[in-house]
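Structural description and commentary
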Amino acid sequence: MFRKFAIAAVTVATVATAAVSMTPSEAHAKNRAVAVAAGAIFGLAAGAIIASQARPRYQPPVRCSYRPITRWDAYYGRYVVVGHRQVCY
């Protein structure tokens, strides 16, 4: 959906600035200045709309916990905790 919206906004900005490409003999200086101003306004508006729609990808929160490191101890005849390590997922 964002891609279609961006293409439409760029098309509108291109059409709005196409009036600027007229030669000076076809348009009076006053009308040309108005066309340039209108093209700039439409271009800035399209850029602002596209920029407001851009969102970063979702980053899930990092969850960390300490898990025990166990080793078999022959003296006790069972597993004992010899340390902890941080596990993040």
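Scope of this entry: the structure provided in the associated data block. Keep in mind that what you see is a predicted model, and the values were worked out from it rather than measured.

Some remarks on the overall build of the protein
Along its length, the protein carries 2 helices and 2 strands. The N-to-C order of helical and strand elements in the protein reads α-α-β-β. Restricting to contacts in the protein with at least 6 residues of sequence separation, those with at least 24 account for 33%. When the accessible surface of the protein is totalled, it reaches about 7800 Å², and 63% of it is carbon and sulfur.

Overview of the pairing of strand E2 (residues 78-88)
With 1 of 11 residues buried, E2 is to be regarded as a mostly surface element. Bridge count between strand E1 (residues 64-73) and E2: 10 bridges; the pairing is antiparallel. Across the sheet, the residue bridging to Arg67 is Arg85, located in E2.

A word on the environment of Arg85
Note on placement: Arg85 falls in strand E2. In this structure Arg85 touches Ser65, Tyr66, Arg67 and Ile69, once residues within four positions along its chain are discounted.

What to know about the packing of aromatic side chains
Here the structure, examined in full by the defined rule, presents 2 aromatic pairs. Taken together, a centroid distance of 5.3 Å and an interplanar angle of 75° make the contact between Trp72 and Tyr79 edge-to-face. Assigned by exposure class, Trp72 and Tyr79 land together as exposed. With centroids separated by 5.2 Å and ring planes inclined at 85°, the aromatic side chains of Tyr75 and Tyr76 adopt a geometry described as edge-to-face. Between the NZ or CZ atom of Arg78 and the centre of the ring of Tyr76, over which it lies, the distance is 5.9 Å.

Structural notes on the state of the cysteines
Taken as a whole, this structure holds 1 disulfide when the rule is applied. Here Cys64 pairs with Cys88 through a disulfide, and the sulfurs are 2.0 Å apart. On the sign convention where negative is left-handed, the bridge of Cys64 and Cys88, at about 105° about the S-S bond, is right-handed. Note that Cys64 is positioned in strand E1 and Cys88 in strand E2, a separation of 24 residues in sequence.

Topic: the environment of Cys64
Take Cys64: its relative accessible area is 40%, and that puts it in the partly exposed class. Apart from the residues lying within four places of it in its own chain, the contact partners of Cys64 are Gln86, Val87 and Cys88.

The rules we used
- Residues numbered from 1 in each chain as written.
- Predicted model: local features only at pLDDT ≥ 70, side-chain atom pairs only at ≥ 80, totals over all residues.
- Heavy atoms only, no water.
- Helix = DSSP H or I, 4+ residues; strand = E, 2+ residues; numbered from the N terminus.
- Contact = heavy atoms within 4.5 Å.
- Areas by Shrake-Rupley, 256 points an atom, 1.4 Å probe, with all protein chains shown as cover.
- Buried < 20%, exposed > 50% of the residue type's maximum accessible area, 1.4 Å probe, protein only.
- Pairing = 2+ DSSP bridges.
- Phe/Tyr/Trp six-rings, centres within 6.5 Å; stacked < 30°, edge-to-face > 60°.
- Lys NZ or Arg CZ within 6 Å of the ring centre and 35° of its normal.
- Disulfide = S-S within 2.5 Å.

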